[in-house]
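# Survey of secondary and tertiary structure
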Amino acid sequence: MLKFFFNAAPNPMKIALLLEELGLPFEAVPVDTRKGEQFAPEFLAVNPNAKVPAITDGDVTVFDSNAILLYLADREQKFMPGMAQAKERGAALSWLLLMASGVGPFSGQSVHFRHAAPEPKDYALNRYDFEAHRHWTVLEKHLAQNTYMLGEHYSIVDMALWGWVRMLPYVLGTGDATWTQYPHIKRVLDLVNARPAAQRAEALKTQYTFKTEMDADAKKFMFPQNERLNKA
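So, a few notes on the structure that sits alongside this text. (Residues numbered from 1 in each chain as written. Predicted model: local features only at pLDDT ≥ 70, side-chain atom pairs only at ≥ 80, totals over all residues. Heavy atoms only, no water.)

## Some words on the pattern of salt bridges
Applying the stated criterion across every chain yields a total of 11 salt bridges. One salt bridge connects Arg-75 with Glu-76, and the closest N-O pair in it is separated by 2.8 Å. Taking the relative accessible area as the measure of exposure, Arg-75 reaches 35% and is therefore partly exposed. On the basis of relative accessibility, which here comes to 26%, the residue Glu-76 falls in the partly exposed class. Taken together, the shared-partner salt bridges connect Asp-57, Arg-75 and Glu-76 into one network. (Salt bridge = Lys/Arg side-chain N within 4 Å of Asp/Glu carboxyl O. Buried < 20%, exposed > 50% of the residue type's maximum accessible area, 1.4 Å probe, protein only.)

In structure tokens form, the structure reads like this:
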């Protein structure tokens, strides 16, 4: 059976949504990153980069959330244009990889410098907040002209979007005003949230208890780069 290594963060939740949309049987394997379980030898054998999500599918291993989305969609031939649909597939790959290279990383750094980094952080927060907003504005303008990221067709690109947009007020620090600024993104969030598969994906994370405290041990596992500062 397919094994899904996950926690409740945005990137694993994209995969939970796709698995539920596809109706694929899977074994959920929780990885508590605040306890350092991502560094266990057993998990490093699955993903040497020590990040969730990851899957094993028989003798196939795939890590990185967007790679997993593409692998599963292609395997099942659902929610992603096929090779014969070159124009549509080109657009899908472009938007999906924008999520991978831009939306996710800059949103993640916006979270880090807004909520976790020590002072002084004005320069770094300004950079990542600006870039996060810039990427989300690109998506907002696109969705102003399209029902979903690929026009009228719900796809893995919308699932990649959903993973992060659920947390957008926290990511940007803009509270309820987020949706005034990004109404079309909110519209897509509402469309996806209404899907039974999204509700099952959200329910999956409630079946497991993940550490919520950001204590000294959690910081050591989540921000190992800080060890270099301690040695300075």
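Read on, since the account is not over.
## Considering the sheet that holds strand β3 (residues 54-57)
An order of β2-β1-β3-β4 is seen for the four strands of this open sheet, with the pairing classed as mixed. The open sheet has two free edges, formed respectively by β2 (26-30) and β4 (60-63), since each of these has just one partner strand. In this sheet, adjacent strand axes meet at a mean angle of 15° when their direction is disregarded. Of the pairings in the sheet, the one linking strand β1 (residues 2-6) to β2 comprises five bridges and is parallel in character. Among the inter-strand pairings, Phe-5 is bridged to a residue of β2, identified as Val-29. In the packing of helix α3 (residues 65-76) onto the sheet, the strands contacted are β1, β3 and β4, and the crossing angle to β4 comes to about 135°. (Pairing = 2+ DSSP bridges. Helix = DSSP H or I, 4+ residues; strand = E, 2+ residues; numbered from the N terminus. Axes fitted to C-alpha atoms, helices over the stretch in contact; angles between N-to-C directions. Contact = heavy atoms within 4.5 Å.)

## Some words on unusual backbone geometry
Omega for the bond connecting Val-52 with Pro-53 falls within 30 degrees of zero, at 10°, which places this linkage in the cis form. You can see Pro-53 is positioned in the loop between α2 (41-44) and β3. With an omega dihedral of -5°, the bond running from Glu-119 to Pro-120 counts as a cis peptide bond. Within the secondary structure, Pro-120 sits in the loop between α4 (86-115) and α5 (122-143). Positive phi outside glycine occurs at Asp-64, with the angle close to 80°. Inspection of the secondary structure puts Asp-64 in the loop between β4 and α3.

## Let's talk about the pairing of β4
Where β3 lies against β4, four bridges are found, and the strand directions are antiparallel. Paired with Thr-56 across the strands is Thr-61, a residue of β4.

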